[in-house]
Amino acid sequence: MPSRGTPPPSLTSVDLDDTDAVRDGFIRVRGARENNLRNVDVDVPRDSIVAFTGVSGSGKTSLAFGTIFAEAQRRFLESVAPYARRLIAQGNTPHVDSITGLPPAVALQQRRGAPSSRSTVGTLTTLSNSVRMLYSRAGRYPEGAERLESDSFSPNTAVGACPRCHGLGIAHDVTEASAVHDDSLSIRDGAITAWPGAWQGKNLRDVTAVLGYDIDRPWRELSREDRDWLLFTEEQPVVEVHPQRDRVAKPYKGRFWSARQFVMHTLADSQSETQRTKVLQFVESGPCSLCGGSGLTRAALAVTVSGRTIAEFNRLPLTELAELLRPIASVEHAAAATSKASSGEGTEVAVTISRDLLARVEVLTGLGLGYLSLDRSTPTLSPGEMQRLRIATQLRSGLFGVVYVLDEPSAGLHPADAEPLIEVLEGLRASGNSVFVVEHNMDIVRHADWIVDVGPGAGAHGGDVLYSGPVDGLPEVEASITRRFLRPAESPSASAELRHPVARLELREVSLHNLRNLDVDVPLGVLTAVTGVSGSGKSTLVGRVLAERATEHPLVSRVVQVDQKAIGRTPRSNLATYTGLFDAVRSTFAATDEARARGWTAGRFSFNVAGGRCEVCQGEGSVSVELLFLPGSWAPCPECHGSRYNAETLEVLWRGASIADVLAMTVDEAAAFLADVPAASRGLETLRQVGLGYLRLGQPAPQLSGGEAQRIKLATELQRARTGHTLYLLDEPTSGLHPSDVELLVEQLARLVDAGNTVVLVEHAMSVVAAADHVIDMGPAGGDEGGRVVAAGTPTEVAASAESRTAPYLAVQLDGSRTRADA
């Protein structure tokens, strides 16, 4: 098995059959043409950690995921029954001549948290299954209570969900405060505001009087029992009402509705939007009072382990959870366990389940995730946290002989958290697996056994394998852009001259999430990097607190939050439409002689409206194909062949290109093609300056990574004419960027500051932190052990801090920069 000290043999170009490839220990790719790959031939060793590097858009992901993993998945799915294949998400068949020596593969790609609030850390890692089994089989039940099945401890099942909030933990309910706005009034005078007005309200008051309640007494003087019944009872007694004020009216049967019943009935059954909107004012949303926000039944909450309910168990940080499980899982405890007991922590089943749980939890804490809890909702997790959770789950799976293909596993990780990640990757390799990582973090790359560098540039300027071999051989490859960043001393240098703040934004007694009575000063007019390990409070400070309070300062005229949220949810949203440059492109085509002769305006060249678009695919460019017994799939539209436009629209050319041809261009290609269209060229140039020259103008928004979406937003801001007194807040803008592109990004951020603006960014890349004017380091750890400022000052001052976990890594970066400058 190769290791860092004894790398695999160098790449050979000899073609072998699949049997020889397996014996030789290599995966051999021949004729890969996926996306921009140029008929690539490459041999990659198995049972090794292999890093795929190159600038963004160079083709490394197309090789690792689009070719190697896609082919492994295709082969696996061929062995699955056609009916079962409908239930499995399938990728495209890769464009490659052959791949030999290929084992089964597992892909762990970067993606945001699942949209469902029911998805948690526990469900994602499957730890919740073991926890429910622990409570079911080994929990302490109240005397006389029947043992519950494990499903009864899940808020996502019919038997386990709280009947009031249906397992969500959040109840939308009518309370006394929401239903009675003035308790000095009597029922006759309208104390129960939630009841209807006019004759319906009079009817309910009359029914209430017949039922024996005093409707003329102030509400506050009624007994608690009477008030609760009138507001919340589920009963609906029918009584005979004798109208007293109208002697002509005949007696009638009247039905009672409590305030809660009336409001909920109106919301559920009324056809009138006006009525539903009116009663919503009487509804309060908050933690369910029946289950305490846990989403579970009271029967489930009555069972305990170590004196804690399952809701309390799930709320514990993983580090505390490990301490709680350790005594139950201990050898001494196991020796004393009695298998005769039917339940309780002293049983063999309790020891067995606890040992398994503890081992799996310790993998997570070892990856720096000890601050998370099992009930943490996955939509609140960063991509880096999500991927580490998936990696930890695979580490405990016990698979052997598998290729793990990982997409930037270090994304969103502090350097201190990256070290245990490297140990996990080495653990996967030691278990007899191959680990392929698409990676920009040179610390991870340096620990690989083998490197495949793709490039040299992006898009049409990339797609070639420049080098495939041991890591220490890459610096000799002159065509490689990656090579100069492989050695720490040759990474981006620190800022030569620090800027001085024009003022300071003082934040005092900040308390939110794990920030507790925090005092911090944020300098204005400079570039500030906020650092710290995962969960230390960085995003809370910048994304929530600073974003809300910044406008209170007289020197801040505008706050722009540039986050990693998608720029659109459908393929109709793309790079060109989001930045606004497509408006200029459509206007340019509308100004051609051919378009004017046909009477066409810019609207004709939009694929979102009828007229110029292809009506078969409605401007989507693709259509859904349903296959009997096989999964449905998307295919290029048979009418427009993916162009999105009808044939007549495509007849209009500008400089020999149609509107569809322009959308198919990369930013780099379009910048040259549209150089004399100012409204478009300005936006294209800023996109290039933030390292996005490889993206196609028509690239659908759902295909963009979070880092790409953020840089598109930044480029959109950069092209605007406004200058000065704007506060820009960025969340890990270097995510997914090659070090060479990071240099470009830092230059653009410096431009913003030099124009009189302030930039504050959450960042883990030490090259960017070293280039900042001011650093605020949060910590010292994550969760409850974080939330305070550990160090603040210039990069040099923070690097000298004895308490900061960032300091050692920043010091190495600064020393490397000085070495480079001295040389």
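Structure first, text after, so check above.
This report concerns the structure included in the present document. (Residues numbered from 1 in each chain as written. Predicted model: local features only at pLDDT ≥ 70, side-chain atom pairs only at ≥ 80, totals over all residues. Heavy atoms only, no water.)

In this model, the second largest pocket occupies a volume close to 810 Å³. Forming the walls of the second largest pocket are 36 residues, and the residues nearest its centre are Asn441, Met442, Asp443, Ala765 and Met766. Elements represented by at least two residues in the lining of the second largest pocket include exactly helix 17 (415-430), helix 18 (442-446), helix 28 (739-754), helix 29 (766-770) and helix 31 (807-822). Considering each element in turn, the lining of the second largest pocket owes the most residues, four residues, to helix 17. Considering only residue class, the lining of the second largest pocket consists of 16 nonpolar, 13 polar and seven charged. Of the residues that make up the lining of the second largest pocket, three or more belong to each of domain 1 (26-111 + 381-484) and domain 4 (503-565 + 748-815). (1 Å grid on protein atoms, 1.4 Å probe; cavity = no way out; pocket = protein on both sides within 12 Å on 5 of 7 lines; lining within 4 Å. Points joined across faces, edges and corners; volume = space filled by probe spheres on them. Helix = DSSP H or I, 4+ residues; strand = E, 2+ residues; numbered from the N terminus. Nonpolar A, V, L, I, M, F, W, Y, C, P; charged D, E, K, R; others polar. Domains from an automatic or database assignment.)

What follows concerns the side chain of threonine 297. Secondary-structure assignment places threonine 297 in the loop between strand 9 (284-287) and helix 11 (298-301). Dropping the residues within four chain positions of it, threonine 297 is found in contact with Ser152, Val159, Gly160, Ala161 and Cys162. (Contact = heavy atoms within 4.5 Å.)

What follows is about the sheet that holds strand 3 (residues 49-53). Spatially, 5-12-13-3-14-15 is the arrangement adopted by the six strands of the open sheet, whose pairing is mixed. Looking at the sheet topology across the chains shown, the edges are occupied by strand 5 (105-108) and strand 15 (464-469). Pairs of neighbouring strands in the sheet enclose a mean axial angle of 15°, with direction left out of account. Sheet topology note: the strand 12 (residues 403-407)/strand 13 (residues 434-438) ladder contains five bridges and is parallel. In the sheet register, valine 403 faces strand 13, and the bridge partner there is serine 434. Here helix 2 (residues 60-78) sits on the sheet and contacts strand 3, strand 5, strand 12, strand 13, strand 14 (450-455) and strand 15; the angle it forms with strand 5, its principal contact strand, is near 140°. Its contacts with the sheet put helix 17 on strand 3, strand 12 and strand 13, and the angle it makes with strand 13 is roughly 145°. (Pairing = 2+ DSSP bridges. Axes fitted to C-alpha atoms, helices over the stretch in contact; angles between N-to-C directions.)

Position of aspartate 593 among the secondary structure elements: in helix 22 (residues 593-597). Judged by relative accessible area, aspartate 593 falls into the exposed class, the value being 65%. For aspartate 593 and tryptophan 654, which are 61 residues apart along the polypeptide, the C-alpha to C-alpha distance reads 9.7 Å. (Buried < 20%, exposed > 50% of the residue type's maximum accessible area, 1.4 Å probe, protein only.)

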